[in-house]
Amino acid sequence: MLDIQKIRADFPILSEKVNGKPLIYFDNGATSQKPQVVIDAEAKYYQEINANIHRGVHTLSQLATDAYEISRVKLQHHINAKFSHEVLFTSGTTHGINLVSNGFASILKPGDEVLVSSLEHHSNIVPWQMLCEKTGAILKVIPINEDGELIISEYESLLSEKTKIVTVNHISNALGVINPVKEMIAKAHAVGAAVLIDGAQAVPHLKPDVQDLDCDFYAFSGHKMCGPTGTGILYGKEEWLNKLPPYQGGGEMIKEVTFEKTTYADLPHKFEAGTPNIAGGIVLGTAVDYLNEVGFGNIQLQEKKLLEHATKRLLEIDGLRIYGNGKNKASVISFNIDGIHPYDIGSIIDKLGIAVRTGHHCAQPIMNFFCIPGTIRASFSFYNTKEEIDEMVEAVKKAKTMLS
Ligand SMILES: *Cc1c(COP(=O)(O)O)cnc(C)c1O
């Protein structure tokens, strides 16, 4: 059992006031808050070992390089990758997905197919559309049902030997639906397609095992899992990373440069051109340590309680509809109230210190499917409490009275 008050004390922002009220932070799907150990580790890096990595022979450069590479190994173990050189530092999920989609430009031919799902974040749609435009490949879309779940029988009939890559999120940011990715990966491999999993919403809630999933790529951001912004990881199977061309050219990613020909560095450096977010990469390791200390079992138990409580309490409100009602859900609730624009409710409850997201959540196709402009999304983290949920429910009721 988690001592929630003790956990909350780790996050200084949780004792801040917003609009004169104690902050209730339910926008964890957009970014998580940071514990003091993460904030301190960022300052400590700059105070004690700041230097550029992989370059100097001097002591600080070696200390910084060691810390960066230790963090890479930490991330490797966290996601159970076979080799540390399969773990690339990126600036976030968006960067990771673009790295892969850009690489596939040299692989796809006109008429090949790229399969995305209806549940994707724009950052897992647009790069693939750009790729299809460039190569003449065709984008196909896996549909969802009324509960917001992917229709697996439709997925099966879309798969063929024309499918070169399938790209799907592990957990939907807009609805919280957990997708059956392991089963989907096996089906894609059966027709010879590669699979990228967008794990941005999964890593705050679970420890992905990339070997067990057998995915070819797994992308996520640091900032949604208690880490700094501008950090992320792209896992890629060694054979795929060897096959794909570099994404960016520059320093750090070369073996030898002449004006006639450049040879590329070995993995992972081939994909890490330029000076990276060194502090961020190191501190991402601190964030992962923190989450593992709290324990993903504890995190899931607490979040399950919060999800059940919030679902039950919100449904007490007349005219409230929840989108995404699959059995497998993370602690995210997307909802609307009949006849009221989500933005209006979001603005009123913000005045009461409650942070939720309103709008399309970078997933317009889902909103189009339900024929709505957007939703109110409350996304909970293990540091949230039932009492905070009760306050939100009262605030939503008050907003509803004011607006109807
Ligand atoms: C947040 C998010 C992204 C984009 O992550 P960035 O950190 O903005 O690069 C992609 N996919 C999903 C499912 C997300 O939730």
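Read on for an overview of the structure. (Residues numbered from 1 in each chain as written. Predicted model: local features only at pLDDT ≥ 70, side-chain atom pairs only at ≥ 80, totals over all residues. Heavy atoms only, no water.)

### Some points on empty space enclosed by the protein
- With the rule as written, the count across this model stands at two cavities of 30 Å³ or more.
- Reported here for the largest cavity is a volume of approximately 110 Å³.
- If you go around the largest cavity, you meet 18 residues; those closest to its centre are N28, P204, H205, K224 and S381.
- Tallied by class, the residues present in the lining of the largest cavity amount to eight nonpolar, eight polar and two charged.
- For the lining of the largest cavity, the two domains that each supply at least three residues are domain 1 (4–30 + 295–403) and domain 2 (39–292).
- M1, L2, N298, L301, Q302 and K305 are the residues that line the second largest cavity. (1 Å grid on protein atoms, 1.4 Å probe; cavity = no way out; pocket = protein on both sides within 12 Å on 5 of 7 lines; lining within 4 Å. Points joined across faces, edges and corners; volume = space filled by probe spheres on them. Nonpolar A, V, L, I, M, F, W, Y, C, P; charged D, E, K, R; others polar. Domains from an automatic or database assignment.)

### Side note on the sheet that holds strand β7 (residues 163–169)
- Ordered by their spatial adjacency, seven strands build an open sheet running β4-β10-β9-β8-β7-β5-β6, and the pairing between neighbours is mixed. The two strands at the open ends of the sheet, each matched to only one other strand, are β4 (87–90) and β6 (138–142). Across the sheet, the mean angle separating the axes of adjacent strands is 20 degrees when strand polarity is ignored.
- Across the sheet, helix α3 (residues 59–79) is in contact with β4, β9 (217–221) and β10 (232–236); its angle to β4 comes to roughly 120 degrees. (Pairing = 2+ DSSP bridges. Helix = DSSP H or I, 4+ residues; strand = E, 2+ residues; numbered from the N terminus. Axes fitted to C-alpha atoms, helices over the stretch in contact; angles between N-to-C directions. Contact = heavy atoms within 4.5 Å.)

### Comments concerning the pattern of salt bridges
- Per the counting criterion, the structure on display carries 21 salt bridges.
- E316 is the salt-bridge partner of R313, the closest N and O atoms lying 3.1 Å from each other.
- We note a salt bridge from E316 to K397, for which the minimum N-O separation is 3.8 Å. One end of the pair, E316, is in the loop between α11 (296–314) and β13 (320–323); the other, K397, is in helix α14 (residues 386–403), with 81 residues separating them in the sequence. (Salt bridge = Lys/Arg side-chain N within 4 Å of Asp/Glu carboxyl O.)

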